[in-house]
Structures are given as structure tokens and as C-alpha cells.
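Remarks on the overall topology
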Amino acid sequence: MDENTDFEELASRVRTQSEDAAGSDTDRVTIRSFQELTSDALAELLEAAETDASEPGSLVFVLSRANAELLSEREGDLEDVDDLETELGREIRVEESMPDDTILLLDPEVVDGEELLEPESIACGIVGSDH
């Protein structure tokens, strides 16, 4: 994952790796759906991913700018992304091209551009119409 990564395309590829994706013969991505975006939802996604990841300490959240701002507004005791990182114990990358309906949790080394090198090391949160 680098500055040239198209996060919209990456999120689309990750979402097609679910257990229900027809014709997918790769290892599966951990996917969770959330009605609303909260720090508890991120913690739940982290918990699910840590059990499946080979190196859970390297996992990083990737959020859209809108989702990062929504979390800061919604969580009264969190003033910014740094506070959320401290609470979750994980780095958070805010990416402009990241879709607002998707949260990724992954090791940056398991992605090359939009190519999924290790899909089993990626967790994806699908956020309902919370905006």
C-alpha cells in the first residue's frame, strides 16, 4: 500500500473476497457490517481481525476523511484521530479516496497497489447509511 493506491478500487476488491463471493478461490477477508460508525465498531472489527491475522500487531485502520471526522464528532472524549489511535492501540490512516461506506483494517504489506497479496490478513467493515 503506497501513495498511489486507489483505495476505492482496493475497497471494491476486498469486498468481493467475502465468503459469499461467487467464484472467489482466494482465502477470505474478514467482513463485518455495522449500522453506525463508532469506536466500539472499530474495536469489534479489530477483535475479529486479530484472531485471524498472522501478525496482528501490524494492523492499521484505513478510513475516509468523512469517517474520521464523523468519529471525532460522535465520540465526545476524542478530539482527533490521534486520540482514537491511542484508544484503539492502532495506527489510523485517513485516505481521501477511501469510500465512506468501507473501513479497512490491514497490514500495509499485504497490499501491493490494489492487489491483495494476503486477503486473509485483511478485515473490512461495511458501514450502513450512517452519514
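Residues numbered from 1 in each chain as written. Predicted model: local features only at pLDDT ≥ 70, side-chain atom pairs only at ≥ 80, totals over all residues. Heavy atoms only, no water.

So, the overall build of the protein
Counting its secondary structure elements, the protein contains 4 helices and 7 strands. In the protein, which comprises 131 residues, the proportion classed as buried is 48%. Taking the contacts inside the protein whose residues are at least 6 apart along the sequence as the reference set, 69% of them involve residues at least 24 apart. Of the roughly 6,800 Å² of accessible surface on the protein, a fraction of 37% belongs to carbon and sulfur atoms. (Helix = DSSP H or I, 4+ residues; strand = E, 2+ residues; numbered from the N terminus. Buried < 20%, exposed > 50% of the residue type's maximum accessible area, 1.4 Å probe, protein only. Contact = heavy atoms within 4.5 Å. Areas by Shrake-Rupley, 256 points an atom, 1.4 Å probe, with all protein chains shown as cover.)

Quick notes on empty space enclosed by the protein
Following the criterion strictly, the structure yields 1 cavity of 30 Å³ or more and no others. One number sums up the size of the largest cavity: a volume of about 30 Å³. With 3 residues, the top contributor of residues to the lining of the largest cavity is helix α3 (residues 65-74). Here the residues of the lining of the largest cavity sort into 5 nonpolar, 1 polar and 1 charged. (1 Å grid on protein atoms, 1.4 Å probe; cavity = no way out; pocket = protein on both sides within 12 Å on 5 of 7 lines; lining within 4 Å. Points joined across faces, edges and corners; volume = space filled by probe spheres on them. Nonpolar A, V, L, I, M, F, W, Y, C, P; charged D, E, K, R; others polar.)

A look at the confidence of the model for the protein
This prediction gives the protein a mean pLDDT of 83; 86% of its residues lie at or above 70. Averaged pLDDT values over the elements of the protein bottom out at 84 in strand β6 (residues 115-116) and peak at 95 in strand β2 (residues 60-63). With pLDDT under 50 throughout, residues 22-26 is counted as low confidence; its partners more than four residues away or in other chains account for 4 contacts. (pLDDT = per-residue confidence, 0-100.)

Details of the nonpolar core
In this structure, Leu37, Leu42, Leu45, Phe61, Leu84, Ile103 and Leu105 are the most contacted members of the largest nonpolar core, which totals 20 residues. Secondary structure elements with two or more residues in this core: α2 (39-52), β2, α3, α4 (81-88), β4 (102-106) and β7 (122-127). At 5 residues, α2 tops the list of elements feeding residues into this core. With sequence-adjacent residues up to four places away left out, leucine 105 is seen in contact with Leu45, Leu46, Ala49, Leu59, Val60, Phe61, Ser121, Ile122 and Ala123. (Core = buried A, V, L, I, M, F, W, Y, C linked by side-chain atoms within 4.5 Å.)

Considerations on α4
Of the residues that open α4, the one with a side-chain oxygen 3.1 Å from the backbone nitrogen of aspartate 82 is aspartate 80. Of the residues flanking the end of α4, it is glycine 89, one or two places downstream, whose phi is positive at about 70 degrees. (Polar contact = N/O pair within 3.5 Å; in protein donor to acceptor, adjacent residues only side chain to side chain.)

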